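Chain residues, written in single-letter form:
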Amino acid sequence: MPARTIFPGFATAFLSCCATYDVPDNLEPVAVGDGYQAQYRDIDVTRDDAGFLRSARINESKCLPLRGGVEAVQNGGKGSGFSAAALRGERLTRNDLVDIRVGDDETFNGDYVISRDGTLKLPFLRPIPAQGRTTDQIEDDIARLLLRDAFYDERPRISVRIADFASVTVGVSGAVFEPHSVEIGGVSGDQVDGRRQDALGASSEGRNLSAALRAAGGVRPDADISAVTVRRGATFYTLDMRGVFQGQNVVDIMLLTGDEIEVASRQCFQEDLMRPSPISPPGVSMFLSNLTQPATNNAASAIGQTVREVPYGTRYMQAVIDSNCVGGARGTSADRSSVLFSRNPVTGVSVVIERDIENLLRRADRDDFDPYLLPGDALACYDSAVTNVAEIGRVIGVIGAAALLSE
């Protein structure tokens, strides 16, 4: 290729790389603060005219009232407290292993598993309902049946103890990141902790409400955790779990197979829920694309498992730094931009946000435009204009050399 045809191409490439690209289009009106996070909105003021910490107020303005809020407090927490009291304690569910002893009577002594229909079946006695009941209630039923069927003239000593908790399957819906039916608690496969069984009286945190919420991806920032609903059979219970973020004792009941949990949405982004907790997502797994110079590939940029997993509550700028998009030679490679790909978990509509990294880094109002990361977000980095020109020059040089060699 003649050299005179190469340099016009270089000029064209130079001008194209310096051209201004359109800002990303979005279906939702995120530019004016009406997206899932107000932090998505465009930066439309100068650094001198910046208004500080407005995003939190914009987000709060869209919140529906707390379903378990002022009314529950005025009642002394009676609504949620009544539900918690009704569900408190260890309750049996199908497939639990229990140790039953009736004095020294070998006829009834032994280990029993609660049947699929939720009953305990002892020899010679009619099935005893066990699903959702306490061991004290089972002891009373056994005593009543033994006396009624004339096995004893007076109530014998009876002991019913949980030897091993089975896993339970519960449904979780509403304002969680991954609503679906989850299996929680129990042991893995055929493994049984023999010492724990022999000790008796062991409990399990793996069947708690908080474990089910974590297994469903954790509560979303729009969740109304003041009124988490648990449906057990035909009865609905409302639980206030705000204490998990307030350093208070948490209403964390043990669940049974067949329970259904629903977390209502307040239809707004609540920044105070964007922090680790027993009901938050365990972390944020991100998709990253970083081919910026001077790194020549993702491996050299250290894009790996440790980069893709960040703590819940991480913000956009922290992730940008974590993906090696910040810094470099000020005159050549420092002026980069980055694009955040996210999705509104309420509507399911995707959103793309682009930020000039250095501009955001140097603004005093950066928190107003620095979004929190959500599970599944993706981040892409773009090189500075000078780095782009240098790359284009390198490519044209390679093409020119190839053309000269071909002549």
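Residues numbered from 1 in each chain as written. Predicted model: local features only at pLDDT ≥ 70, side-chain atom pairs only at ≥ 80, totals over all residues. Heavy atoms only, no water.

1. Looking at the environment of Asn359
Part 1 of the reasoning: One can find Asn359 in helix H10 (residues 357-362).
Part 2 of the reasoning: Along the chain, Asn359 and Arg47 lie 312 residues apart, while their C-alpha atoms are 9.2 Å from each other. (Helix = DSSP H or I, 4+ residues; strand = E, 2+ residues; numbered from the N terminus.)

2. Description of the packing of aromatic side chains
Part 1 of the reasoning: Counted by the stated rule, this structure contains four aromatic pairs.
Part 2 of the reasoning: Note on Tyr36 and Phe269: the rings are 5.5 Å apart at their centroids and 80° apart in plane angle, and the pair reads as edge-to-face. With Tyr36 in the loop between helix H1 (3-18) and helix H2 (55-60) and Phe269 in the loop between strand E10 (260-265) and strand E11 (284-285), this residue pair connects regions lying 233 residues apart in the sequence. Each member of the pair, Tyr36 together with Phe269, is buried. (Phe/Tyr/Trp six-rings, centres within 6.5 Å; stacked < 30°, edge-to-face > 60°. Buried < 20%, exposed > 50% of the residue type's maximum accessible area, 1.4 Å probe, protein only.)

3. Concerning the nonpolar core
Part 1 of the reasoning: Counting 31 residues, the largest nonpolar core has Val172, Leu209, Leu213 and Ile261 as the members making the most contacts within it.
Part 2 of the reasoning: Mapped onto this core, the elements with two or more residues apiece are helix H4 (78-87), strand E6 (168-174), strand E7 (180-184), helix H7 (209-215), strand E8 (223-232), strand E9 (235-239) and E10.
Part 3 of the reasoning: Every residue in contact with Val172, bar those within four places of it in the chain, is listed here: Pro179, His180, Val182, Ala212, Leu213, Ala216 and Ile261.
Part 4 of the reasoning: Ranked by size, the runner-up nonpolar core spans 27 residues in total, among them Met274, Tyr316, Val351 and Leu379. (Core = buried A, V, L, I, M, F, W, Y, C linked by side-chain atoms within 4.5 Å. Contact = heavy atoms within 4.5 Å.)

4. Focus on the pairing of strand E14 (residues 337-343)
Look at any regular strand and the pattern is simple: side chains alternate between the two faces of the sheet.
Part 1 of the reasoning: Across the seven residues of E14, five count as buried, placing the element largely inside the fold.
Part 2 of the reasoning: Inspection of the sheet shows E14 paired to strand E15 (residues 350-356) by seven bridges, in the antiparallel sense. The residue of E15 that forms the bridge with Phe341 is Val352.
Part 3 of the reasoning: Here E14 folds back onto E15 in antiparallel fashion, the turn holding six residues, of which Gly348 has a positive phi close to 80°.
Part 4 of the reasoning: For E14 and strand E16 (residues 378-382), the ladder comprises five bridges, and the chain directions are antiparallel. (Pairing = 2+ DSSP bridges.)

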